[in-house]
Amino acid sequence: MNYSIFNDTDWLYPDSSHSRTEHIRLTVPRGGHAGVQILGEIPDAPLRLRCSWHQDEAKAGLTVSLFRLLPVGVNENTDSRLMTTTDFERCKSFVTRKAPFEVYDALLPVDEESDAPVNGRLAVYLCIDAGADAVPGNYSGELCLCEGLQETKIPLTCRVSPVLVPPVSSAALGMLNFFDYDGLANQHHVEKNSDEYWELFSHYVKAQIAMRCTHILLPPGEAVFDNGKLIDFDFSMAQKAGQIARKEGARYLCGGHIAHWHEWDEQEYYPNWNQSLGITTTEGYLQLRLYLTKWNDIVTKNGWQPYMTQALADEPQTHNDATYRILAGIFRKFMPGVPIIDAVETTRLGGGIDIWVPKQDTYEKWREEYETLQAAGETMWFYTCAFPAGPIMNRSMDLPLTASRAVLWMGALYRLSGFLHWGFNYYIGNDIWHSACCPHKGALLPAGDAHIVYPGKNGPLRSMRFEAQRAGAEDYELLMQAAQSAPEKTDALIRKVCTNFRNYTREGSILTEEKNNLIQRLESEVPFNDR
C-alpha cells in the first residue's frame, strides 16, 4: 500500500499530496502523548490495523490508539474581524484554504462504526500515550496495515523521555470547557435525564478529563413556578451531573451561570429564570437568596465544598462590573468560601472574583493592569471564543492547527494559570459534518468554535483540535517546569513558537522541534528523582 506520514501539528486534507516520510518517529514524555497522521488509499479488501512492539517494556508502559480520520466540511472562512465571511480577500492572508473545503478533523476509533462520511482515501491518526511509570528508553515496532492477505509494515520508533507530565489531579494548568446539557439529548437522540442520557454524559466527562480539563461545568438550577409565581428551584440535574463528574475523577466542579446582562453596555443583571427582574431589586435579591440557599444545601450534602467553584454571569463588562460585584457579594453571603470564576471583559472586579478569565485580546489590551493583579496574587486564566476573529489564536478549522496548541504556550509565556473555552459540544445546526460553521444569532460561528468533539454512536468523538489542545496543555506543564529553573531561557524557547496571540508559527514542524528541544532541556537541567 502506498502511504506517507505527517505530524500531528499540521492539517491533513483529502487532497493532500503524499509526503516523503515513511517511518514513524515519536518522542513522548512520561504521562504525555504524541501522535502522527498517516495517509494512504482505500484498500480493495477489508483493512485491519494493529501495532506490535519488539520490547516487552513498551507493551507495559505505552498505550497505542488508532483512529480513522474523518473529513469535515468548512462552509465559510473566518472573517478578519468578526464571525465568518465568503469574501476570501478579507481573510486570505491568515486562513489555510478558501472555503468551502474539507479537512480531516474528527477521530473515529478503528473498531467503532459510524454514520459519518468517509471519502475515497485512507487517513489514520496514531496516538501513543506513555504512562507515568513507563520506563524511559528507545522502543521500536511496526504498525501493520493488513489488507486481506497483504500486509504493509510501517516502521515505528518511540523514545520515552524521563520528563514527567503530571496527572490532571496535580496539574499546574486549570481548564474549563462549557458543556451543552440541553443539546446532549438532541445530539444523540435520547431522552433528557434518562439512563441513556447520563451514560452518554459520563463518556463526555471522561473526554473532558482526557483533554486535561480540571473543572466540569454543571447545569444551573431550574426554576419551579406555580401559577406564574416562583416557588422553588430544582437542582436534580446539577446534583446528578456533579455526582457523575466526581465519580469519573473530575478535580473540580463549577456551578452553572446564574444571571446575565441584556445588552453589553447596560448596568443591570437579570437572573436567568426571570429576564425582566433586576438583581439589584428587593425581589431580585430574594429570588437569588432562595436559589443560593438551596444550591448551598446541595453542595454541602454532597461534600463538594473542597471541589466547588461557581460561575455567576458570563463576560462582565466595564459598564456593569459594579453590579457584578453586588451579585458576587450576594453569592458570598450564602456560599462563603466557594471561589468565583468567570470570563471577564474588565479589570474592575477586585474582591468580586477569584479566578479572572479575560479573553486573549482583552488580556493583551490591559496587560499592565492584569499583570499588576497577578503580581498581587490574583489567579489569572484566559479564554478564546469567536470574537475577535481574524488571525488571532483560536481553534477555528481554517486557521493553522498550530494555533490550537500554541495558544497554551502563550498561556505559559504570560504565566496565566488556566484556560477556558465555551464550546465543548455545542453541535448547532442540522449537519456539522458538512457545515462546521454553526449558526448563531443570524450569523455563523467560525468553523469548530462551537464544538471540539463530534457526536459518535456511544459518546463523543475526539478531533485533531482536541488532540492539539490536549498536547498544548501537556506542553504547558513542561514549560512551567522549565521556567522554574530557567525562566529567561524558557521564554526565549516559547518565542520561537509564538510572541503574542496574533503572532505564532504556522509550521507544525517548528512547534514539534521546539517541543523536543524543551524535553531535551528539561532532561539536562531538571533532576528527576524517580528515574
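Up top is the structure.
A few points on the structure.

Rules of the game
- Residues numbered from 1 in each chain as written.
- Predicted model: local features only at pLDDT ≥ 70, side-chain atom pairs only at ≥ 80, totals over all residues.
- Heavy atoms only, no water.
- Axes fitted to C-alpha atoms, helices over the stretch in contact; angles between N-to-C directions.
- Helix = DSSP H or I, 4+ residues; strand = E, 2+ residues; numbered from the N terminus.
- Parallel < 35°, antiparallel > 145°, perpendicular 65-115°, else oblique.
- Left-handed = near helix turned anticlockwise from the far one by under 90°.
- Contact = heavy atoms within 4.5 Å.
- Nonpolar A, V, L, I, M, F, W, Y, C, P; charged D, E, K, R; others polar.
- Salt bridge = Lys/Arg side-chain N within 4 Å of Asp/Glu carboxyl O.
- Buried < 20%, exposed > 50% of the residue type's maximum accessible area, 1.4 Å probe, protein only.
- Phe/Tyr/Trp six-rings, centres within 6.5 Å; stacked < 30°, edge-to-face > 60°.
- Expected span 1.5 Å × (residues − 1).
- Polar contact = N/O pair within 3.5 Å; in protein donor to acceptor, adjacent residues only side chain to side chain.
- Pairing = 2+ DSSP bridges.

## Looking at the packing of helix H11 (residues 487-494) against helix H12 (residues 508-525)
Orientation of H11 relative to H12, taken along the N-to-C sense of each, is 165°, at an axis distance of 10 Å. Judged on the interaxial angle alone, H12 and H11 are roughly antiparallel. Relative to H12, H11 is oriented so that their crossing is right-handed. Here Lys489, Thr490 and Leu493 of H11 lie close against H12, whose contacting residues are Glu514, Asn517, Leu518, Arg521 and Glu525. Looking at the contact of H11 with H12 residue by residue, the classes come out as two nonpolar, two polar and four charged.

## Overview of the pattern of salt bridges
Tallying each qualifying case throughout the model produces 21 salt bridges. Between arginine 405 and aspartate 475 there is a salt bridge, and its shortest N-O distance comes to 2.7 Å. Here the residue arginine 405 occupies a position in helix H9 (residues 402-413), and aspartate 475 occupies one in helix H10 (residues 464-485), the gap between them amounting to 70 residues. On the basis of relative accessible area, arginine 405 is assigned to the buried category, the value being 7%. A single salt-bridge network, built from bridges that share partners, covers Asp129, Arg462, Glu467 and Arg470.

## Observations regarding the packing of aromatic side chains
In this structure the tally under the stated criterion is 25 aromatic pairs. For the pair tyrosine 181 and phenylalanine 201, a centre-to-centre distance of 5.4 Å together with 35° between the ring planes defines the contact as tilted. Remark: phenylalanine 201 occurs in helix H3 (residues 195-210) and tyrosine 181 occurs in helix H2 (residues 181-188); sequence separation between them is 20 residues. By relative accessible area, phenylalanine 201 is classed as buried at 1%.

## Brief notes about H10
Compared with the 32 Å implied by 1.5 Å per residue over 22 residues, the 32 Å span of H10 between its first and last C-alpha is a close match. Where H10 begins, one side-chain oxygen reaches toward the backbone nitrogen of arginine 465, 3.3 Å away; that side chain belongs to serine 463.

## Focus: the environment of leucine 445
Checked against the element boundaries, leucine 445 lands in the loop between strand S26 (443-444) and strand S27 (454-455). Sequence spacing of leucine 445 and alanine 389 is 56 residues, and the spatial spacing of their C-alpha atoms is 9.6 Å. Residues in contact with leucine 445, not counting those within four places in the same chain, are Met83, Thr84, Ala386, Trp422, Ile428, Cys437, Cys438, His440 and Ala450.

## Structural notes on the pairing of strand S11 (residues 150-164)
Where strand S2 (residues 24-30) meets S11, seven bridges bridge the pair, whose relative direction is parallel. Opposite arginine 25, over in S11, you have threonine 157 as the bridge partner. Inspection of the sheet shows strand S10 (residues 137-147) paired to S11 by eleven bridges, in the antiparallel sense. Bridging from a neighbouring strand, glutamate 147 pairs with glutamine 150 of S11. Count of turn residues in the S10/S11 antiparallel hairpin: two residues, of which glycine 148 carries a positive phi of about 65°.

## Things to note about the side chain of aspartate 79
Counting through the fold element by element, aspartate 79 comes out in the loop between strand S6 (77-78) and strand S7 (84-85). A relative accessible area of 8% places aspartate 79 in the buried class. Side-chain polar atoms of aspartate 79 contact the side chain of arginine 90, separated by 2.8 Å. In contact with aspartate 79, other than residues within four places in its own chain, are Thr84, Thr85, Arg90, Phe94, Ala389 and Gly390.

All quantities given are derived from atomic positions and should not be read as evidence of function.
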